[in-house]
Amino acid sequence: MKELKNYIAGRWVGTERRFEKRSPFDGTLLATVHEATKEMVDEAVAIGSEVSVGSRSGQWGALPMKQRVAIIHDFADRILARVDDLVEADVADTGRSYWQASTFDGARAARLFRAYADTALTLENRSMQFSGELGFEGMWYTLRRPKGVIACICPWNVPLLMASMKVAPALIMGNAAILKPSEETPSSATILAEVIDASDIPDGAFSLIHGFGHNSAGGYLSENPNVDAITFTGESGTGTAIMKSAANGLREVSLELGGKNAALVFEDAVMDRVAEGMTRSAFFNCGQICFCTERAYVHRTRFDEFVDRMADIANAIVIGDKSHNGFSIGPLVSHSHRDKVKALLDTVPENGGSFVAGGGIPEFEDDRDNGAFIQPSIAVGSPENAPFVKQEAFGPVLHVAPFDEEEEAITLANDTSYGLATCIWTENVNRAHRVAPRIRAGHAWINSWQIRDLLSPLTGAGASGVGEQGGRHSLEFSSLPQTVTMRVFGEHQ
Ligand code: NAD
């Protein structure tokens, strides 16, 4: 059984306070995790500050970009050398299949570090000559310098990829990154720290702290006024708490939060494509992707066909086979999360809805019955104000309702406090491009779901987030623009 320690400025540090990480697949104990203390978090922040913008910045923050990029490429090679361990860690912590962990995260993390490194080299600065109003001649140019210490606070749903999406831009721009993985998925982050330990990234430029949120590692980190910026992905309520912490010291935040995403299926949609895309968008990763569709509004003329087709698919999905080499679902990440999703499913009949697929907990009659599994579930007949339609489940659930007019479909999709993603299924190109900008969502997919370049911008409206991430937006968030102005004297001045 593993013991997972904190990695603070080049040292592996244990603590008295420990917590258990159990498998959501069968309930077995996977690891004992050392919970970081406030003193440890403060130390990581203080040393991070020195290495990024302080007295030791010559080791990292003040290195020429090309040198940092070379170190990051070498680090990406080292990730690839440990990719099997990283995949194994995420499979164990989340219960997902090897196929999913190796296609969706795995080597993708190394590619992400490389892509950010290469994009950083293309960030050009601006410059101008100018004549000042008082007769001064001069020129200015812009720079991007590190911000300092960036807190990277992650959820559990795609552990390695989420950590990489936050740590990569922070490090490449010369900051110190302090990673706080979810308490549910501490393992791949620990291997990432081992890879960093073996790389040329200097001590202090990266620290890993384990623990929970409030009154634990996450809270200590976000409340520390010497943390210069916080990049967070997780629930909207947690994002609100973090934004309040960040107000102390006026520190910048980048927040990727929850969603209650709607898909619109118009009368001319090609149902084979819809079925393939909607299967992934509702059930991929057991519905634990922020972009997952939890509401489908289907033109009345295609409603029965859609419901029958999706119910057949949901009822046939392979559940709980880690070796399955294709689309399947694992458990939810924990028993407490399953309790939450199950409680939401239980509200469906209470509110007049009914299930056409799932609605409960599958039975295996083996060790998986100790896991946190839930059936892929599709419900019809729920009123639009029902909790099942309003609250984010973050599980494999789909509410389906009919519509008659395009305008009605748009109104239904927008009737949420969230604004993360939407899918529009239609063969009518005018309708697709007419409807997409009418949906309040940071990302609109047309006839697809989650085909996404990780460098493309990611935003969320309303309760779904603050700021733009992805590609150069994350690099800009991870750096401080500075304008340098110089006076140019005339020959006789
Ligand atoms: P969560 O908010 O419970 O936890 C996320 C992280 O924040 C964890 O590491 C946790 O320990 C930490 N944390 C909790 N309270 C804290 C506090 N007060 N201060 C500092 N840190 C704190 O979220 P989760 O359950 O891990 O993830 C699921 C949520 O993430 C869902 O709502 C989902 O929609 C969202 N999500 C959004 C995106 C996106 O891109 N918008 C992507 C993935 C997940």
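Model, not experiment: these values are computed from the prediction.

## Regarding the overall build of the protein
Thinking step 1. Along its length, the protein carries 16 helices and 23 strands.
Thinking step 2. Projected onto the principal axes, the alpha-carbon positions of the protein cover approximately 85 × 60 × 40 Å.
Thinking step 3. Relative to its 493 residues, the protein shows a buried fraction of 57%.
Thinking step 4. Summarising the internal contacts of the protein: among those between residues at least 6 apart in sequence, 73% fall at separations of at least 24.
Thinking step 5. If you sum the accessible surface of the protein, you get close to 19,700 Å²; carbon and sulfur atoms cover 50% of it.
Thinking step 6. The average position of the 45 basic charges and that of the 63 acidic charges among the side chains of the protein differ by 4 Å.

## Considerations on the site of the ligand
Thinking step 1. Cys154, Glu183, Thr238, Leu257 and Glu392 are the nearest of the 29 residues found near the ligand.
Thinking step 2. Between an oxygen atom of the ligand and a side-chain N or O atom of Trp156, the distance comes to 2.9 Å.
Thinking step 3. Glu256 has a polar side-chain atom sitting 3.0 Å from an oxygen atom of the ligand.
Thinking step 4. When the ligand is considered free in solution it has 850 Å² of accessible area, and contact with the protein chains removes 91% of it.
Thinking step 5. Put simply, the parts of the chain that give the shell around the ligand at least two residues each are helix H8 (217–223), strand E11 (229–233) and helix H9 (236–247).
Thinking step 6. Of the residues forming the shell around the ligand, the biggest block, 3 residues, is contributed by H8.
Thinking step 7. When its residues are assigned to classes, the shell around the ligand shows 13 nonpolar, 11 polar and 5 charged.
Thinking step 8. When residues are assigned to domains, the shell around the ligand turns out to be shared by domain 1 (2–257 + 460–483) and domain 2 (261–446), each giving three or more.

## Structural notes on the nonpolar core
Thinking step 1. Counting 131 residues, the largest nonpolar core has Leu179, Met278, Phe306 and Val400 as the members making the most contacts within it.
Thinking step 2. At 10 residues, the largest contribution of residues to this core is made by helix H6 (residues 159–172).
Thinking step 3. Residue-level mapping places this core at the junction of two domains, with at least three residues from each of domain 1 (2–257 + 460–483) and domain 2 (261–446).
Thinking step 4. Beyond its immediate chain neighbours, meaning those up to four positions away, Val400 contacts Ala296, Val298, Phe303, Phe306, Val307, Ile378, Ala379, Val380 and Gly381.
Thinking step 5. Counting residues in hydrophobic clusters, the runner-up holds 16 residues, among them Leu264, Val389, Phe403 and Ile439.

## Section: the packing of aromatic side chains
Thinking step 1. For the structure on display, the rule yields 13 aromatic pairs.
Thinking step 2. Ring centres 4.9 Å apart and planes at 50 degrees place the aromatic pair Tyr7 and Trp12 in the tilted group.
Thinking step 3. Overall, the relative accessible area of 2% leaves Tyr7 in the buried class.
Thinking step 4. Aromatic pair Phe355 and Phe388: ring centres 6.5 Å apart, planes at 80 degrees, arrangement edge-to-face. Of this pair, Phe355 sits in strand E15 (residues 354–357) while Phe388 sits in helix H13 (residues 387–390); the two residues are 33 residues apart in sequence, bridging distant segments of the chain.
Thinking step 5. A relative accessible area of 2% places Phe388 in the buried class.
Thinking step 6. In textbook terms, an aromatic cluster arises when at least three aromatic residues are bridged by ring pairs, as seen for Phe104, Phe284, Phe327 and Trp449.
Thinking step 7. If you follow Arg68 out to its NZ or CZ, it ends over the ring of Trp60, 6.0 Å from the centre.
Thinking step 8. Over the aromatic face of Phe25 sits the side chain of Lys322, whose NZ or CZ is 4.4 Å from the ring centroid.

## Here we look at unusual backbone geometry
Thinking step 1. Positive phi values are uncommon outside glycine, yet Ala9 reaches one of about 45 degrees.
Thinking step 2. With respect to the helices, strands and loops of the structure, Ala9 is situated in the loop between strand E2 (6–8) and strand E3 (11–13).
Thinking step 3. Phi at Asn215 is positive, roughly 60 degrees, even though this residue is not glycine.
Thinking step 4. By the element assignment, Asn215 lies in the loop between strand E10 (206–208) and H8.
Thinking step 5. A residue is classified by how much of its surface remains accessible, and Asn215, at 53% relative accessible area, is exposed.

## Brief notes about the pairing of strand E16 (residues 377–380)
Thinking step 1. What you see with E16 is no split at all: Ser377 and Ala379 on one side and Ile378 and Val380 on the other are buried throughout.
Thinking step 2. Note: E15 against E16, 3 bridges, orientation antiparallel. The residue bridging Ala357 from the neighbouring strand is Ile378, located in E16.
Thinking step 3. Sheet topology places E16 next to strand E17 (residues 397–403); 4 bridges connect them, and they run parallel. Across the sheet, residue Ala379 finds its bridge partner in E17, namely His399.

## Comments concerning the environment of Leu344
Thinking step 1. As for its position among the elements, Leu344 is in helix H12 (residues 335–350).
Thinking step 2. Separated by 45 residues in the primary sequence, Leu344 and Val389 place their C-alpha atoms 9.7 Å from one another.
Thinking step 3. Sequence-distant contacts of Leu344, defined by excluding residues within four places in its chain, comprise Pro387, Phe388, Gln391, Glu392 and Ala393.

## A look at the packing of helix H5 (residues 107–121) against H6
The packing of two helices is summarised by the inter-axis angle and the distance between the axes.
Thinking step 1. Relative to each other, H5 and H6 sit at 25 degrees, their axes nearing to 9 Å. For the element pair H5 / H6, the angle class is roughly parallel. Judged by the twist between their axes, the crossing of H5 over H6 is right-handed. The residues of H6 that touch H5, namely those facing Arg108, Ala109, Leu112, Phe113, Tyr116, Ala117 and Ala120, are Leu160, Leu161, Ser164, Met165, Val167, Ala168, Pro169 and Ile172.
Thinking step 2. Here the contact of H5 with H6 is built from residues that sort into 13 nonpolar, 1 polar and 1 charged.

## Focus on the sheet that holds strand E19 (residues 421–425)
Two pairing modes exist for strands in a sheet, parallel and antiparallel, and in both the strands are linked by backbone hydrogen bonds.
Thinking step 1. Sheet architecture is open: 7 strands sit in the order E15-E16-E17-E14-E13-E19-E20, paired in mixed fashion. Looking along the sheet, the strands with just one partner apiece sit at the ends: E15 and strand E20 (443–446). Strand-to-strand twist of the sheet, defined as the mean angle between neighbouring strand axes without regard to direction, takes the value 25 degrees.
Thinking step 2. Looking at chain direction, strand E13 (residues 261–265) and E19 are connected through 4 bridges and run parallel. Directly across from Ala262, in E19, lies its bridge partner Thr422.

## Remarks on a nonpolar patch on the surface
Thinking step 1. There is a patch of nonpolar side chains on the surface, built from Met139, Tyr141, Leu143, Met486 and Val488 and spanning about 400 Å² of accessible area.
Thinking step 2. Here the element with the most residues in the nonpolar patch is strand E7 (residues 137–146); it accounts for 3 residues.
Thinking step 3. Secondary-structure assignment places Leu143 in strand E7.

Cut-off values and rules
Throughout this description, residue numbers start from 1 for each chain and increase along the sequence as written. Thresholds applied to this predicted model are a pLDDT of at least 70 for local features of residues and 80 or more for the giving and counting of side-chain atom pairs; totals over whole chains, interfaces and linings are not thresholded and use all residues. Think of the side-chain values as coming from all heavy atoms in the structure, minus any hydrogens and water. Labels follow the DSSP assignment, with helices taken as runs of H or I lasting at least four residues and strands as runs of E lasting at least two, numbered in each case from the N terminus. Exposed residues in this analysis have more than 50% of their type's maximum accessible area, buried residues have under 20%, and partly exposed residues fall in between, with area computed by a 1.4 Å probe over protein chains only. Here a residue-residue contact requires only that any non-hydrogen atoms of the pair lie within 4.5 Å. Working definition of accessibility: Shrake-Rupley area with a 1.4 Å probe, residue cover restricted to the visible protein chains. We score Asp and Glu as negative and Lys and Arg as positive, and we do not count His or the chain ends. Note that the charge is assigned to NZ on lysines, CZ on arginines, CG on aspartates and CD on glutamates. Proximity criterion: a residue is near a molecule or strand once any of its heavy atoms comes within 4 Å of it. In protein, a polar contact means a hydrogen-donor-capable atom and an acceptor-capable atom, both N or O and within 3.5 Å, with residues adjacent in sequence counting only if both atoms are side-chain atoms; elsewhere, any N or O pair within 3.5 Å suffices. Charged means Asp, Glu, Lys or Arg here, nonpolar means Ala, Val, Leu, Ile, Met, Phe, Trp, Tyr, Cys or Pro, and polar covers whatever is left, Gly included. Note that the domain bounds reflect an automated or database-derived domain assignment. For this analysis, a nonpolar core means a set of buried residues of the types Ala, Val, Leu, Ile, Met, Phe, Trp, Tyr and Cys, connected via side-chain atoms within 4.5 Å. Whether two aromatic rings pair depends on their centres lying within 6.5 Å, for rings of Phe, Tyr and Trp, where Trp uses its six-membered ring; planes under 30 degrees apart make the pair stacked, over 60 edge-to-face, and the rest tilted. Both a distance and an angle decide whether a charge sits over a ring: NZ of Lys or CZ of Arg must be within 6 Å of the ring centre and within 35 degrees of the ring normal. At least two bridges found by DSSP between two strands is the condition for calling them paired. Only C-alpha atoms enter the line fits that serve as axes; for helices the fit covers just the stretch in contact. Angles between N-to-C directions range over 0 to 180 degrees. When describing relative orientation, an angle under 35 degrees is termed roughly parallel and one over 145 degrees roughly antiparallel, while 65 to 115 degrees is termed roughly perpendicular and anything else oblique. By convention the crossing between two helices is left-handed if the near helix lies anticlockwise of the far one by an angle smaller than a right angle, and right-handed if it lies clockwise. Only residues whose relative accessible area exceeds 30% and that take part in no salt bridge are eligible for patches, with like-charged residues grouped when within 9 Å of each other and nonpolar side chains (Val, Leu, Ile, Met, Phe, Trp, Tyr) grouped when within 5 Å. Whenever Lys or Arg places a side-chain nitrogen within 4 Å of a carboxyl oxygen from Asp or Glu, that contact is recorded as a salt bridge.

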